[in-house]
Amino acid sequence: MSRYTVGIDLGTSNTVVAFAHAGDDRIELLPIEQLVGRGQVAARALLPSVRYHLASDEIDATGFALPWQADADCEPVASVIGAFARELGAQVPGRVVASAKSWLSHTGVDRGAAILPWGASDEIPKVSPVVASASYLAHVRAAWNARHPNAPLERQDVVLTVPASFDEGARALTVEAARMAGLPTLRLLEEPQAAFHDWLFRHRDSLATELAAARLVLVCDVGGGTTDLTLIQVEPGTDGAPPRLTRIGVGDHLMLGGDNMDLALAHLCEKRIASGGERLSAARFSQLVQRCRVAKEQLLATDAPERVTVTLLGGGTRLVGGARSVELGRDEVSRLLLDGFLPLSPADELPQRRRAGIVEFGLPYPADPAISHHLAAFLHRHVSAARAALGGAAPPEPALPIPDTLLLNGGVFRASALAGRLEALVTQWRGAPPRVLHNDDPDVSVARGAVAFALVRAGRTNLGPGIGGGSARSHFLVLEGEQGAARAICVLPRGTETGIDVTLPERSFTLRLGHPVRFHLVSSTGDAPRKAGDLVDLDDEDFTRLPALAARLPASAEGRREAVTVRLVTMLTEVGTLEMQCVATDDPGRRWQLAFQLRGEADADGGSSAALAPHPRLAEAIALIDGIFGSQSQDVDARDVRQLRARLERLLGRREEWNLALLRALFDALLERARRRRRSPEHERVWLNLAGYCLRPGLGAALDDWRIGQLWALFAQGIQYVHETRNWCEWWTLWRRCAGGLAEAAQLQVLEVLAGHLEGADDSPRKREPVQGSYDDMVRLAASLERVPGMHRIEVGKWLLERLQRPSEKAHTWWAVGRVGARQSLYGSTHNVVPPDVAADWLTPLLALDWKSVEPVAFAAAQIARMTGDRARDLPATLREEVAQRLTAVRAPQSWITMTREVAHLDAADQGRSFGEALPYGLTLI
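Residues numbered from 1 in each chain as written. Predicted model: local features only at pLDDT ≥ 70, side-chain atom pairs only at ≥ 80, totals over all residues. Heavy atoms only, no water.

*Asks:* Give me the side chain of Arg673: which residues, what numbers.
*Replies:* As for its placement among the helices and strands, Arg673 is situated in the loop between helix 17 (660–672) and helix 18 (681–695). Here the side chain of Arg673 touches Ala669 through a polar contact of 2.7 Å, landing on its backbone oxygen. (Helix = DSSP H or I, 4+ residues; strand = E, 2+ residues; numbered from the N terminus. Polar contact = N/O pair within 3.5 Å; in protein donor to acceptor, adjacent residues only side chain to side chain.)

Encoded structure:
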């Protein structure tokens, strides 16, 4: 069987495949079959990473035929991929999926849920970011296998490139997408390294001369979706040997690239096209962005015309008659993009800190679009490593050491004006021009470099040197000190090479077999020297929160849940992902693999960890709980049961100040004694109240998913004292408080039960059952279920508004309307937010009320009119301004007014108001 080395660049804009035959030094590009028009198939090296979801009347088996059968797992809906998809997306709004790679790194949504195309109407089928990415890889695999039937791609040596800034979660999802596409075995490589490997490969015969004066290379890779920055130290070889290359720094994830430039032009065109200052719909704006991308490429070309016309087609039957056009001039586009994205700013001008970043099409772009500022911040972060690499050539402190050599990569730098501006910026900072390494084709260099990397790694040292450096980040296990003070311990230092086990010295953990375990990690790209076991304060430098690592340790063969002492062993795998295991100290052969939790990640930050510092009086508090719910406490007076909360507060302080570690420890004690909650109505009521309070909001701490799983088992049991209205109130309050931890299926089950009970809300007092007495709590719970699909949330909102037409309905129901119609979820995925047209209709009855006399209405209106920056969620500007003026008139808090006019985060008070009560001390929903 033929053997090939294959490099795949799954880019935000284009997917490219390069390959080399075994024993051959020649790297070729794979022509990928794709549709370029209705019924026309062509093979091109660049496959646009774009999907277009076909309408039922567009599906034509003969018109969309390719030489292979589509993979059903990666193509759950009829679609076109590639050049024709991009063309259709520029003509028909709302059906195109783009920037799937950027969505893989967006932790604010469920990346495994079918949410793309973002903002599309309900009748348009959707796919998840993982499936979208997998579909491009499946298309590549099919194209390869059609051309190489005797050498299937899944059996070749495959290298898949990812941004250097991708965190462990995004890397794991990329591997999952590859597996879904039928590529279970591959290796990941950072894109800037791949681009440099391509340059090394093409200059392999003259490297000593080419890099003789180089000491520090800056690789600046600006593609469609990201800006990727990497520093590589160059140490000259001796006796004619090639130089030694070490990657000494990578940038943080920066969702900033050509897509942002297209957006900037689209915003400019929108102001000229749209009438009355209204914004275009998300679907039509997406169409405008596609048109502006084409205009940008034309106006930045070497032979650019003086002006280009951008035409936005009409919708529906007025496709042509409703078209509107605007002209873009070459000079204005050049000024906008050069001064906006690559200003000649000083080296000490860092990214502007604003209240929140920019959101467009659901993606969180950085608030400051100036790549120059982010580059300056990157160099400041790696000043020590850069100064050491430059040696005597470094400027005296405190001057910033600037790389002496520059390699530009990414489609953005096809435009000579943009490449020249970045070169001028580095020249300004350095005081002398850098050496610019020629990149003959930025579109394909990453794929070619991936092949060169694999060949060198396989021992073909005559093809160029490898690039050392190991792990680009230091990884830390989060620990929690008293009162929530966050510290972390280094488990994998930056620079650790692949395949090396790193064991925490003098640090062990006691785990119970049969129970789950969960660890919270953070990472840092800073160049401060670290070694395994080092303790750091999380406030001292910038850290990136990673998805939790978790595993369920199986019980022993005898079924006993014995305790076992383990050490943590961490490794950077050959694939390029982080791996962590729990290893028994008494038997190193007993190992338990931890896996990143990428489904329903906790949207909270509480500094939680595997090692929670106990409260000094925790044992006494558990003794109080045991005195009420313990096995030996049979005949407890009802008054003593009711006073448990007050006694705990006298012992531990005001419960509003209990930190997350203490709350979860108390919940665990209550959970162990849950069977004895049914001794009396008072026992049940107190247990429900304390358990819900201690587990709120159902996420944010280690093992919360396990705790929720144990608690959920009680839902089917219901309450024991069904004739006690107060017990029903505490029952619903428990689930409202913990709703953030419930999965979609569980929330749907809760909503179904609520619907059954709420049907009797209109019964006469004589016919009402005790459960109807808890109506207020049921309404609050229904509004808090953020993971149920949007159509169910719409039903809840409509029902609430119908109820509010009755004079007897209490004013707090308006709070529920605001929670259901909020533009920004507290913990749920963004794709479940109620559509803006529906939310706008809900505002009408709110605006008709007197906000001074009906207190909850003002905050409800602020929630519904809140600005996110995402046109798929935001209400029209005129309506938001009307709400802002009404809020001003009633002297509402300034934070409410601000959130309707600009993108802003909720403060702690408003988060608590939206949640229904204060969140645990030190916990922030994000």
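*Asks:* Quick one: what's the story with the environment of Val771, residue by residue and with numbers?
*Replies:* Here Val771 is to be found in the loop between helix 21 (744–758) and helix 22 (775–783). For the pair Val771 and Arg866, spaced 95 residues apart in sequence, the C-alpha to C-alpha distance is 35 Å. Beyond its immediate chain neighbours, meaning those up to four positions away, Val771 contacts Trp728, Trp732, His757 and Met778. (Contact = heavy atoms within 4.5 Å.)

*Asks:* Describe the environment of Tyr136, with residues and values.
*Replies:* With respect to the helices and strands, Tyr136 occurs in helix 3 (residues 129–147). With 45 residues separating them in the primary sequence, Tyr136 and Ala181 have C-alpha atoms 8.4 Å apart.

*Asks:* Residues and numbers for the sheet that holds strand 13 (residues 227–235), please.
*Replies:* The mixed open sheet is built from six strands, whose spatial order is 20-19-12-13-14-21. Every interior strand has two partners, whereas the edge strands, strand 20 (435–437) and strand 21 (467–468), have only one. Sheet analysis places strand 19 (residues 405–409) next to strand 20, joined by three bridges and oriented parallel. Each residue of the ladder has a partner; that of Thr405, found in strand 20, is Arg435. Sheet strands touched by helix 10 (residues 371–381): strand 12 (216–222), strand 13 and strand 14 (244–250). Its angle to strand 13, the strand with the most contacts, is close to 40°. (Pairing = 2+ DSSP bridges. Axes fitted to C-alpha atoms, helices over the stretch in contact; angles between N-to-C directions.)

*Asks:* So what's going on with helix 9 (residues 330–341)? Which residues, and what values?
*Replies:* Taking 1.5 Å per residue, 12 residues should reach 16 Å; helix 9 reaches 16 Å between its end C-alpha atoms and fits that length. Buried within helix 9 we find Val333, Leu337, Leu338 and Phe341. Angularly, the buried residues of helix 9 cover 110° about the axis, an arc narrow enough to put them on a single face. Lining the buried residues of helix 9 we find helix 7 (258–273), helix 8 (282–299), strand 16 (324–329), helix 10 and helix 12 (416–430). (Expected span 1.5 Å × (residues − 1). Buried < 20%, exposed > 50% of the residue type's maximum accessible area, 1.4 Å probe, protein only. Arc of directions from axis to C-beta.)

*Asks:* Any chance you could break down the environment of Ser325 for me, citing the residues and the numbers?
*Replies:* Along the chain, the position of Ser325 falls in strand 16. With 15 residues separating them along the chain, Ser325 and Val310 place their C-alpha atoms 5.5 Å apart. Excluding anything up to four places from it in sequence, Ser325 contacts Thr309, Val310 and Thr311. Reaching out from Ser325, the side chain makes a polar contact with the side chain of Thr311 at a distance of 2.9 Å.

*Asks:* So, the sheet that holds strand 8 (residues 79–81): which residues are in play, and what are the values?
*Replies:* Within the open sheet, the three strands sit side by side as 8-7-9. Their pairing is antiparallel. Two strands bound the open sheet, and with one partner strand each, they are strand 8 and strand 9 (96–97). Two strands pair when backbone bridges link them, and strand 7 (residues 51–53) and strand 8 are joined in this way by three bridges, in the antiparallel orientation. Along strand 8, the bridge assignment pairs His53 with Ser79.

*Asks:* Tell me about the nonpolar core, and please be specific about residues and values.
*Replies:* Residues Val6, Ile8, Leu288, Leu375, Phe413 and Leu418 are the most contacted members of the largest nonpolar core, which totals 110 residues. With 11 residues, helix 3 is the single largest residue contributor to this core. Once residues lying within four places of it in the same chain are set aside, the contact partners of Phe413 are Cys220, Val222, Leu408, Leu418, Ala419 and Leu422. (Core = buried A, V, L, I, M, F, W, Y, C linked by side-chain atoms within 4.5 Å.)

*Asks:* Now, about the packing of aromatic side chains: what can you tell me, with residues and values included?
*Replies:* Taken as a whole and judged by the stated rule, the model has 15 aromatic pairs. Measuring from ring centre to ring centre gives 4.7 Å for Trp712 and Phe715, while their planes differ by 10°; the resulting arrangement is stacked. Judged by its relative accessible area of 22%, Trp712 falls in the partly exposed class. A ring pair is formed by Trp731 and Trp735, whose centres lie 5.6 Å apart and whose planes are at 80°; its orientation type is edge-to-face. Of the two residues, Trp731 and Trp735 are both situated in helix 20 (residues 725–737); the distance of four residues between them amounts to about one turn of the helix. The class of Trp731 is buried, set by a relative accessible area of 4%. (Phe/Tyr/Trp six-rings, centres within 6.5 Å; stacked < 30°, edge-to-face > 60°.)

*Asks:* Explain the pairing of strand 15 (residues 307–312) residue by residue, including any values.
*Replies:* Burial of strand 15 is one-sided: the residues Val308, Val310 and Leu312 facing one way are buried, the residues Arg307, Thr309 and Thr311 facing the other way are not. Across six bridges, the pairing between strand 15 and strand 16 is antiparallel. Opposite Thr309, over in strand 16, you have Glu327 as the bridge partner.

*Asks:* Could you give an account of helix 3, with specific residues and numbers?
*Replies:* For helix 3, with 19 residues, the first-to-last C-alpha span of 28 Å sits near the 27 Å given by 1.5 Å per residue. The element helix 3 is extensively covered by neighbouring structure, given that 15 of its 19 residues are classed as buried.

*Asks:* Break down the pairing of strand 1 (residues 4–10) for me, citing the residues and quoting the values.
*Replies:* For a regular strand, the rule is simple: side chains alternate between the two faces of the sheet. Across the seven residues that make up strand 1, a large majority, seven, are buried. By the alternation rule, side chains of strand 1 split into Tyr4, Val6, Ile8 and Leu10 and Thr5, Gly7 and Asp9, which are all buried. Taken together, strand 1 and the strand that follows it, strand 2 (residues 14–21), pair antiparallel across an intervening segment of three residues. The pairing of strand 1 with strand 10 (residues 157–162) spans five bridges and is parallel. Within strand 10, the position partnered with Val6 by the bridge is Val158.

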